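Overview (structure and organization)
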Amino acid sequence: MQVVNNHKRLDSSILDHSTSCRKSGGQRERESTMSSIAAYYNGKTVLITGATGFMGKVLMEKLLRASPNVEAVYILVRPKAGQSMQERVANMVKSKVFDRVREDCPNFQEKIKPINAELTQPNLAISAKDSQELLSRVNVVFHCAATVRFDEPLKHALLLNVMGTQQLLLLARQMQKLEAFIHISTAYANCNRRNIDEVIYPPPVETKKLCDLVEWLDESIIQEITPKLIGDWPNTYTYTKALAEYLVQQEKEHFNIAIIRPSIVGASWHEPFPGWIDNFNGPSGIIIAAGKGILQTVKVNNDAVADLIPVDVVINLILAAGWHTAVHRPKTMMVYNCTTGGINPFCWGDIGYYVISTFKRNPLEQAFRIPRAQTTSNHLINQYWIAVSHKAPAMLYDFYLRLTGRKPRMMKIFNRLHKSMMLLEYFTCQSWEWSSENMNMLMAQLSPEDRRLFNFDVRQLHWSEYIENYCIGAKKYLLNEDMSGIPAAKQHLRKLRNIQYAFNTTLLVIIWRIFIARSQMARNIWYFVVSLCYKFLSYFRASSTIRH
Ligand SMILES: CCCCCCCCCCCCCCCC(=O)SCCNC(=O)CCNC(=O)[C@H](O)C(C)(C)COP(=O)(O)OP(=O)(O)OC[C@H]1O[C@@H](n2cnc3c(N)ncnc32)[C@H](O)[C@@H]1OP(=O)(O)O
Ligand SMILES: NC(=O)C1=CN([C@@H]2O[C@H](COP(=O)(O)OP(=O)(O)OC[C@H]3O[C@@H](n4cnc5c(N)ncnc54)[C@H](OP(=O)(O)O)[C@@H]3O)[C@@H](O)[C@H]2O)C=CC1
């Protein structure tokens with residue numbers, strides 16, 4: 001109920017702004033003067049890479065809704081999974097994430113200008129004609145495209161995250177009207193350090209030499225030497241993002257640049273809808289696995305800071321930084337650590353608690369077991385729980401599937417889950433400290449209206465409410481489950497609970513029977529307990545007879 005009310009409150013707080021597309025030119029003009037950021041983007045031409053991704057879509061939606069008079073939004077898109085660029089964009093604009101902007105500006109898609117591109121190819125595989133159009137028109141670039149997979153082979157991660165960025169920078173250098181270039185990095189680019197300031201740290205290797213090396217080395221050799229090359233970085237993703245930051249910094253003399261470093265980007269806080277999420281990355285897959293009762297134990301340090309940041313907070317900061325970089329042209333290149341830990345900390349243990357309690361109240365459909373999450377940072381304890389509460393039930397279930405003539409699948413799901421958890425545990429078992437002076441400084445420079453429309457003040461974030469919306473968002477938007485199915489899902493959980501009680505009781509009786517048959521001590525304990533119960537019952541009966 002609280003969540004529903006919250007949704008209403010949030011909706012009404014942004015309603016007056018979101019309807020601006022339907023208002024008259026004069027009204028819109030007046031509103032634009034109130035919001036410097038929204039007004040800045042009106043009339044500008046923007047280029048977004050990674051627009052088909054999780055953050056890119058939210059960025060595009062907010063930009064088109066906040067500044068409906070933006071001149072054009074160019075997006076670099078590649079054909080994928082048998083779909084042409086046009087088909088992908090046509091499907092994308094139908095996505096629920098654009099529902100609000102669709103309502104406000106039914107023709108919003110006319111502003112979107114897709115450009116065929118592949119960031120790993122020479123010149124980004126952009127045609128000469130498209131390239132010319134970009135060079136003569138673009139005012140602001142938002143570079144979001146990247147591979148965010150932790151297990152990406154080094155060569156591919158370098159090709160996309162480093163060389164792709166370099167090529168985009170080369171293109172940007174030639175843009176005649178460029179006012180700002182905003183590069184999206186990650187707060188974990190320097191995760192080999194404990195305290196991370198808003199500065200660029202020296203790269204671990206000379207990027208050019210490394211790129212040359214992997215170009216001619218055999219793939220299998222690169223795989224073999226990857227751990228040595230990445231050193232104390234946990235994966236190729238964070239390593240290549242660190243290298244890219246350095247490259248971006250090298251261009252600071254040529255145009256106005258800012259780098260945004262978000263931590264773990266989660267579902268949205270307010271916009272476009274509370275709890276909006278559309279992929280299984282980061283915590284989302286783990287949260288769903290917990291809600292389905294598949295994941296029963298997870299390796300986290302309960303007291304370590306869970307540096308989650310809502311996607312809309314990141315997008316608001318990105319847009320504000322774009323405006324600030326273009327209009328105020330800071331003398332030094334600004335790096336914005338976009339994190340919550342130092343401002344409004346929250347721990348992994350608390351997340352575990354709130355996730356489970358939300359899914360008990362709002363269960364997912366067809367759960368495998370009752371949601372329950374054992375959280376520990378102890379490797380042995382975690383392995384014990386994995387054996388007892390993951391592998392054993394999975395084997396039993398697969399055995400049951402085999403018996404009923406179906407294909408076993410649970411062990412496969414668990415193996416995949418364990419692989420993901422192993423890759424994520426580096427981030428859940430330790431804490432980092434990020435400074436956030438630049439984010440605070442930028443916030444201080446915003447007008448009250450901008451602070452409201454482009455809110456990135458995470459001090460106002462109420463974690464329990466946010467996690468509740470996150471879980472409900474995952475249910476609605478990721479799993480496409482209807483809230484009207486909750487009574488049936490609760491009924492299913494009750495059934496699972498009864499099955500579990502019956503199973504546990506049977507198991508206990510069997511174990512006890514085995515003990516009694518084999519051990520004199522177990523027999524003695526058994527007789528003692530039985531006689532104690534008998535005495536207690538006799539006493540109870542006698543005392544109740546006297547009272548009558
Ligand atoms: C209760 C306690 C809470 C505690 C909660 C702890 C959370 C602890 C988070 C730490 C988070 C740190 C984050 C650092 C912050 C950055 O800066 S990193 C940016 C975020 N990047 C990531 O999170 C990438 C991590 N993921 C990966 O690297 C790869 O997905 C993995 C983990 C290696 C798995 O690879 P894979 O086995 O090949 O699987 P993958 O291809 O990813 O997925 C295959 C399919 O299964 C789907 N899928 C994936 N997971 C699921 C799922 N759970 N259910 C259903 N389908 C799924 C995918 O959508 C995909 O579908 P298609 O696209 O094929 O249709
Ligand atoms: N999500 C998170 O938790 C965090 C993300 N970040 C950073 O934010 C940015 C966006 O992340 P997010 O939206 O989550 O990532 P997604 O994986 O959702 O999106 C990645 C985007 O990059 C595009 N892309 C990938 N490869 C290529 C290629 N070869 N050519 C052209 N485009 C390509 C994808 O296009 P396609 O649809 O064709 O695959 C997609 O649009 C990244 O730079 C990431 O490092 C930083 C911190 C945390």
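Residues numbered from 1 in each chain as written. Chains lettered and ligands numbered in written order. Predicted model: local features only at pLDDT ≥ 70, side-chain atom pairs only at ≥ 80, totals over all residues. Heavy atoms only, no water.

**Quick notes on the site of ligand 2**
- Lining the immediate surroundings of ligand 2 are 26 residues, of which Thr52, Arg78, Arg88, Glu118 and Tyr237 lie closest.
- Within the backbone of Ala146, an N or O atom sits 3.4 Å from an oxygen atom of ligand 2.
- Lys241 places a side-chain nitrogen or oxygen 2.8 Å from an oxygen atom of ligand 2.
- Relative to its unbound accessible area of 890 Å², ligand 2 is 90% covered by the protein chains.
- Broken down by secondary-structure element, the contributors of at least two residues to the shell around ligand 2 are α4 (54-66) and α11 (236-250). (Near = heavy atom within 4 Å. Polar contact = N/O pair within 3.5 Å; in protein donor to acceptor, adjacent residues only side chain to side chain. Areas by Shrake-Rupley, 256 points an atom, 1.4 Å probe, with all protein chains shown as cover. Helix = DSSP H or I, 4+ residues; strand = E, 2+ residues; numbered from the N terminus.)

**Re the packing of helix α12 (residues 283-291) against helix α14 (residues 348-361)**
- Running from N to C, α12 and α14 cross one another at 50°; their axes reach a closest spacing of 9 Å. Overall, the two elements α12 and α14 adopt an arrangement that is oblique. Considering the relative orientation of α12 and α14, their crossing is right-handed. Between α12, through Ile287, Ala290 and Gly291, and α14, the contact on the second element is made entirely by Val355, Ile356 and Phe359.
- Looking at the contact of α12 with α14, its residues break down into five nonpolar, one polar and no charged. (Axes fitted to C-alpha atoms, helices over the stretch in contact; angles between N-to-C directions. Parallel < 35°, antiparallel > 145°, perpendicular 65-115°, else oblique. Left-handed = near helix turned anticlockwise from the far one by under 90°. Contact = heavy atoms within 4.5 Å. Nonpolar A, V, L, I, M, F, W, Y, C, P; charged D, E, K, R; others polar.)

**Here's the deal with helix α7 (residues 128-137)**
- Three or more residues of α7 are buried, namely Asp130, Ser131, Leu134 and Leu135. Projected down its long axis, α7 carries its buried residues within an arc of 135°, all on one side. Those residues of α7 that are exposed and angled more than 90 degrees off the buried face are Ala128 and Lys129.
- Those residues of α7 hidden inside the fold are in contact with β1 (45-49), β2 (72-77), β3 (112-116) and α8 (154-173). (Buried < 20%, exposed > 50% of the residue type's maximum accessible area, 1.4 Å probe, protein only. Arc of directions from axis to C-beta.)

**Regarding the site of ligand 1**
- In the vicinity of ligand 1 there are 25 residues, among which Arg149, Phe150, Phe280, Gly282 and Arg416 approach most closely.
- A distance of 3.5 Å separates an oxygen atom of ligand 1 from a polar atom in the side chain of Tyr237.
- Residue Arg416 places a side-chain N or O atom 3.3 Å away from an oxygen atom belonging to ligand 1.
- In the complex, 71% of the free accessible area of ligand 1, which totals 1,400 Å², lies under the protein chains.
- For the shell around ligand 1, the elements supplying multiple residues, two or more each, are α12, α14 and α16 (410-428).

**Some thoughts on helix α20 (residues 486-518)**
- For α20, spanning 33 residues, the distance from its first C-alpha to its last is 48 Å, which sits close to the expected 48 Å at 1.5 Å a residue.
- For α20, the complete set of buried residues consists of Ile486, Ala489, His492, Leu493, Leu496 and Ile516. (Expected span 1.5 Å × (residues − 1).)

**What to know about the environment of Asn116**
- Within the secondary structure, Asn116 is located in strand β3.
- Considering only alpha carbons, one finds Asn116 and Ser127, 11 residues apart in sequence, at a separation of 7.8 Å.
- Asn116 has contacts with Val77, Arg78, Pro79, Met85, Ala125, Ile126 and Asp130, leaving out every residue within four places of it along the chain.

**Quick notes on the packing of α4 against helix α13 (residues 311-328)**
- For the pair α4 and α13, interaxial distance at closest approach is 10 Å and the crossing angle is 60°. One way to sum up the angle between α4 and α13 is to call them oblique. In terms of crossing hand, the pair formed by α4 and α13 is right-handed. Contacts between α4 and α13 involve Phe54, Met55, Val58, Leu59, Lys62 and Leu63 on the former and, on the latter, Val311, Val314, Ile315, Asn316, Ile318 and Leu319.
- Of the residues contributing to the contact of α4 with α13, the split by class is 10 nonpolar, one polar and one charged.

**Focus on the side chain of Ser95**
- The residue Ser95 is located in the loop between α5 (85-92) and α6 (99-104) in this model.
- Residue Ser95 is classed as buried on the basis of its relative accessible area of 18%.
- Residues within four places of Ser95 in sequence aside, it is in contact with Arg102 and Trp276.

**Describing the sheet that holds strand β5 (residues 180-184)**
- One open sheet accounts for seven strands, arranged β3-β2-β1-β4-β5-β7-β11; its pairing is parallel. Each having just a single partner strand, β3 and β11 (334-338) make up the two edges of the open sheet. Neighbour-to-neighbour, the strand axes of the sheet open up by a mean angle of 20°, direction not taken into account.
- Summarising the sheet, β2 and β3 pair through five bridges and their orientation is parallel. Looking at the pairing, Val77 lines up with Asn116 of β3.
- Most of the contacts of α4 go to β2, to which it runs at about 170°, and overall it touches β1, β2, β3, β4 (140-143), β5 and β7 (257-262). (Pairing = 2+ DSSP bridges.)

**A look at the side chain of Glu152**
- Residue placement: Glu152 occurs in the loop between β4 and α8.
- Here Glu152 is buried and forms no salt bridge, its nearest opposite-charge partner Arg149 lying at an N-O distance of 4.7 Å.
- Excluding residues that lie within four positions of it along the chain, Glu152 makes contacts with Thr147, Ala157 and Thr236. (Lys, Arg positive; Asp, Glu negative; His and termini not counted. Salt bridge = Lys/Arg side-chain N within 4 Å of Asp/Glu carboxyl O.)

**Some points on unusual backbone geometry**
- In this chain, Glu271 is followed by Pro272 through a cis amide linkage whose omega measures -5°.
- Relative to the helices and strands, Pro272 is located in the loop between β8 (264-266) and α12.
- Located in the positive-phi region is Asn123, a residue other than glycine, with phi close to 55°.
- Along the chain, Asn123 falls in the loop between β3 and α7.

**Let's talk about the pattern of salt bridges**
- The tally for this structure, following the rule as stated, stands at 22 salt bridges.
- Two residues, Glu179 and Lys44, come together in a salt bridge whose shortest N-O distance is 3.5 Å. Highlighted residues: Glu179 in the loop between α8 and β5 and Lys44 in the loop between α3 (36-41) and β1, separated in sequence by 135 residues. Per residue, the accessibility class of Glu179 equals that of Lys44, and both read buried.
- Of the charged contacts, one joins Lys57 and Asp278 as a salt bridge, the two residues approaching to 2.8 Å between their closest N and O atoms.

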